[in-house]
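Here is what each chain is made of, one letter per residue.
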Amino acid sequence: MDADTMMGTELSELRRRRPEVAGTVLAGTDGLLISSDLPATDATHLAALAAASFGLGHRVADTVRHGEFRESVLRTSTGAVVTYPAGRNALLTLVADAGVDLEELHADARAVARRTGSVLDTNRLIGAAAVPEAHARLTARTSGGRLPRRVTPHTWRRPPV
């Protein structure tokens, strides 16, 4: 079974086992869509938003030094949107209805994220960059290590009266 078939099977099986899950998106940590069962425009936007949510969650976890990012949960008036890391370079995002039991969903979804993530890590190059080592030197984590200098400095002038 190839990686694409396996991922599609995993996502459809999750939907079969968890009918309160209204949609799934598998995306790279760079926000590019890998697989989804949502309409294309919604999936593309959700993939980008999931990557932003992951980046923010990862950064907060790093800042407070409370371990690795495990999931991001957004509760809405009609349900929840949950994002899990899937391997080193991917994210699994689930859109769930209001009646979802998040504890049961977490157990099932983490297992799916672990399996799909291991397949992506070994069989498929998805174009996403790996998450940098959290406690590495800043210059090792950024491209240039410093911000570009302003070419023309702005001088303040008093407005005419």
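For the structure itself, consult the block above.
The structure contained in this document is the topic of the report that follows.

What counts, and at which threshold
- Note that residues are indexed from 1 along each chain, following the sequence as it is written.
- At least 70 in pLDDT is required for a residue's local features to be given in this predicted model, at least 80 for side-chain atom pairs to be given and counted, and no such filter applies to totals for whole chains, interfaces and linings, which use all residues.
- Note that the side-chain values use all heavy atoms of the structure and ignore hydrogens as well as water.
- Runs of H or I in DSSP of at least four residues are treated as helices and runs of E of at least two as strands, each being numbered from the N terminus.
- Exposed residues in this analysis have more than 50% of their type's maximum accessible area, buried residues have under 20%, and partly exposed residues fall in between, with area computed by a 1.4 Å probe over protein chains only.
- Between two residues, a contact is recorded if the distance between any of their heavy atoms is within 4.5 Å.
- Residue-level accessible areas treat just the shown protein chains as cover; the underlying method is Shrake-Rupley with a 1.4 Å probe.
- When DSSP finds two or more bridges between a pair of strands, those strands are recorded as paired.
- Each patch is built from salt-bridge-free residues with over 30% relative accessible area, joining like charges within 9 Å and nonpolar side chains (Val, Leu, Ile, Met, Phe, Trp, Tyr) within 5 Å.
- Each reported salt bridge corresponds to a side-chain nitrogen of Lys or Arg within 4 Å of a carboxyl oxygen of Asp or Glu.
- Multiply 1.5 Å by the residue count of a helix minus one, and that product is the helix's expected span.
- We call a set of buried residues a nonpolar core when its members are Ala, Val, Leu, Ile, Met, Phe, Trp, Tyr or Cys and they connect through side-chain atoms within 4.5 Å of each other.
- Note on geometry: axes are C-alpha line fits, over the in-contact stretch for helices, and angles between N-to-C directions span 0 to 180 degrees.

1. Overview of the overall build of the protein chain
Stage number 1. Within the protein chain, the regular secondary structure consists of four helices and five strands.
Stage number 2. Written out in order from the N terminus, the α and β elements of the protein chain read α-β-β-α-β-β-β-α-α.
Stage number 3. A total of 161 residues make up the protein chain; the buried ones form 35% of that total.
Stage number 4. Residue pairs at least 24 apart in sequence account for 53% of intrachain contacts in the protein chain once pairs closer than 6 positions are excluded.
Stage number 5. Only carbon and sulfur atoms are counted for the fraction: they give 55% of the accessible area of the protein chain, which is about 10,500 Å².

2. Details of the pairing of strand E3 (residues 72-76)
Stage number 1. Of the strand pairs in this sheet, E3 and strand E4 (residues 79-86) are connected by five bridges, and their pairing is antiparallel. Bridged to Thr-76 within E4 is Gly-79.
Stage number 2. Between E3 and E4, which follow one another and run antiparallel, lie two residues.

3. A few points about a nonpolar patch on the surface
Stage number 1. A contiguous nonpolar surface patch, about 270 Å² in accessible area, is contributed by Leu-56, Val-60 and Val-64.
Stage number 2. Exposure remark for Leu-56: the relative accessible area of 58% places this residue in the exposed category.

4. Things to note about the side chain of Thr-116
Stage number 1. Within the secondary structure, Thr-116 is located in helix H3 (residues 102-123).
Stage number 2. The class for Thr-116 is buried, based on a relative accessible area of 0%.
Stage number 3. Ignoring sequence-local partners within four residues, the contact set of Thr-116 consists of Met-6, Met-7, Glu-10, Leu-26 and Ala-86.

5. Observations regarding helix H2 (residues 40-64)
Owing to its 3.6 residues per turn, the α-helix brings residues three or four apart onto one side.
Stage number 1. Between the first and last C-alpha of H2 there are 36 Å, a value that for 25 residues agrees with the 36 Å anticipated at 1.5 Å per step.
Stage number 2. Listed in full, the buried residues belonging to H2 are Ala-43, Leu-46, Ala-47, Ala-50, Ala-51, Phe-54, Ala-61 and Asp-62.

6. Considerations on H3
Stage number 1. Here H3 is 22 residues long and its end C-alpha atoms lie 30 Å apart, about the 32 Å a rise of 1.5 Å per residue gives.
Stage number 2. Leu-102, Leu-105, His-106, Asp-108, Ala-109, Ala-111, Val-112, Ala-113, Thr-116, Gly-117, Val-119 and Leu-120 are the residues of H3 that are buried.

7. Observations concerning unusual backbone geometry
Stage number 1. Even without glycine at this site, Arg-65 takes up a positive phi of about 50°.
Stage number 2. The topology assignment puts Arg-65 in the loop between H2 and E3.

8. With respect to the nonpolar core
Stage number 1. Counting residues in each nonpolar core, the largest one holds 23 residues, and the members touching the most others are Leu-26, Tyr-84, Leu-92, Leu-94 and Leu-105.
Stage number 2. For this core, the secondary-structure elements that each account for two or more residues are helix H1 (3-17), strand E1 (21-28), E4, strand E5 (90-97) and H3.
Stage number 3. Element by element, the count of residues in this core is highest for H3, at seven residues.
Stage number 4. Contact partners of Leu-94, with chain neighbours within four places excluded, come to Leu-14, Val-21, Gly-23, Thr-24, Ala-80, Val-81, Val-82, Tyr-84, Leu-105 and Ala-109.

9. Points about the sheet that holds strand E2 (residues 33-36)
In sheet architecture, strand pairing relies on hydrogen bonds along the backbone and comes in two forms, parallel and antiparallel.
Stage number 1. Spatially, the five strands line up as an open sheet ordered E2-E1-E5-E4-E3, and their pairing is antiparallel. Across the chains shown, the open sheet's two edge strands, defined by having one partner strand only, are E2 and E3. The average undirected angle you get between the axes of adjacent strands in this sheet is 15°.
Stage number 2. Where E1 lies against E5, seven bridges are found, and the strand directions are antiparallel.

Coordinates in, geometry out; function isn't part of it.
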